Amino acid sequence: MNPADFFEGGTVTVSDETYTVYKTSQPDPGAFATIRDETETTVVAETGTIDESTVAEAEHGWKRLTFEMVLPFELVGFLAAVATALAEEDVSIFALSSYSTDHVLVKEADLAAATRKLETLGCVVEQ
């Protein structure tokens, strides 16, 4: 499977919401995503929606781009291709994967450059 086959005509939606990536002392049940490992808990949530008393650090100003397509587990290099393409535009990402698809968060200031680049790959970006 070739990642380019999924870009061509694939839909990417841009969230209306603005997100913050939080380093917290505990998960938040209303968060978009919670990642826990041996050393920390990271919560991705709409800005201003979590209990600030649990926050150790925060990185504000992210928009979520969701690849509205089922990405098979056998597909190799999809997220790498996205990250490389956006890196060519000097766009930093925070990547998240669900069972069926991928999401990338980009800074609001980089949103226009990110969407233009994804469109050049063949994606249909919906805002």
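Residues numbered from 1 in each chain as written. Predicted model: local features only at pLDDT ≥ 70, side-chain atom pairs only at ≥ 80, totals over all residues. Heavy atoms only, no water.

If you check an unreviewed UniProt entry, the chain appears there as CASTOR ACT domain-containing protein from Haloferax larsenii.

Colleague: So what exactly am I meant to see when it comes to the packing of aromatic side chains here?
Modeller: Here a ring pair, both rings aromatic, is described through the centre-centre distance and the interplanar angle of the planes. The full count for this structure, using the stated rule, is five aromatic pairs. With a centroid separation of 5.2 Å and 90° between ring planes, the pair formed by phenylalanine 67 and phenylalanine 78 is classed as edge-to-face. Highlighted residues: phenylalanine 67 in strand 4 (residues 55-67) and phenylalanine 78 in helix 2 (residues 78-88), separated in sequence by eleven residues. The pair formed by phenylalanine 67 and phenylalanine 78 is uniform in burial state, with each residue classed as buried. Within the aromatic cluster, the residues linked to one another by ring pairs are Phe7, Phe67 and Phe78. (Phe/Tyr/Trp six-rings, centres within 6.5 Å; stacked < 30°, edge-to-face > 60°. Helix = DSSP H or I, 4+ residues; strand = E, 2+ residues; numbered from the N terminus. Buried < 20%, exposed > 50% of the residue type's maximum accessible area, 1.4 Å probe, protein only.)

Colleague: Looking at this model, I keep getting lost on the UniProt feature "domain: CASTOR ACT" (unreviewed entry) in the chain. Mind explaining?
Modeller: Per the UniProt record, "domain: CASTOR ACT" (unreviewed entry) is found at residues 57-119. Along residues 57-119 the backbone is 32% helical and 35% strand, and the end-to-end C-alpha distance reaches 33 Å. (UniProt positions renumbered as here; feature names shortened; annotations may be inferred.)

Colleague: I keep staring at helix 2 and nothing clicks. Help me out?
Modeller: Among the residues making up helix 2, those that are buried are Phe78, Val82, Ala85 and Leu86. When helix 2 is viewed along its axis, its buried side chains cluster within an angular range of 95° and face the same direction. Here the buried face of helix 2 lies against helix 1 (3-7), strand 4, strand 5 (93-97), strand 6 (102-107) and helix 3 (111-120). Where helix 2 ends, the next residue or the one after it, aspartate 90, has phi of about 65°, a positive value. (Arc of directions from axis to C-beta. Contact = heavy atoms within 4.5 Å.)

Colleague: Got a minute to help me understand the pattern of salt bridges in this structure?
Modeller: Within the structure shown, the criterion is met by five salt bridges. Close ionic contact of glutamate 57 with lysine 23 constitutes a salt bridge, the shortest N to O distance being 3.9 Å. Residue glutamate 57 is found in strand 4, and its partner lysine 23 is found in strand 1 (residues 11-24); the two are separated by 34 residues along the sequence. Residue lysine 23 is classed as partly exposed on the basis of its relative accessible area, which comes to 31%. When the shortest N-O distance is used, the salt bridge between lysine 117 and glutamate 88 registers 3.0 Å. Here the residue lysine 117 occupies a position in helix 3, and glutamate 88 occupies one in helix 2, the gap between them amounting to 29 residues. You can call lysine 117 buried: its relative accessible area is 14%. Residue classification places glutamate 88 among the exposed residues on the basis of a relative accessible area of 55%. (Salt bridge = Lys/Arg side-chain N within 4 Å of Asp/Glu carboxyl O.)

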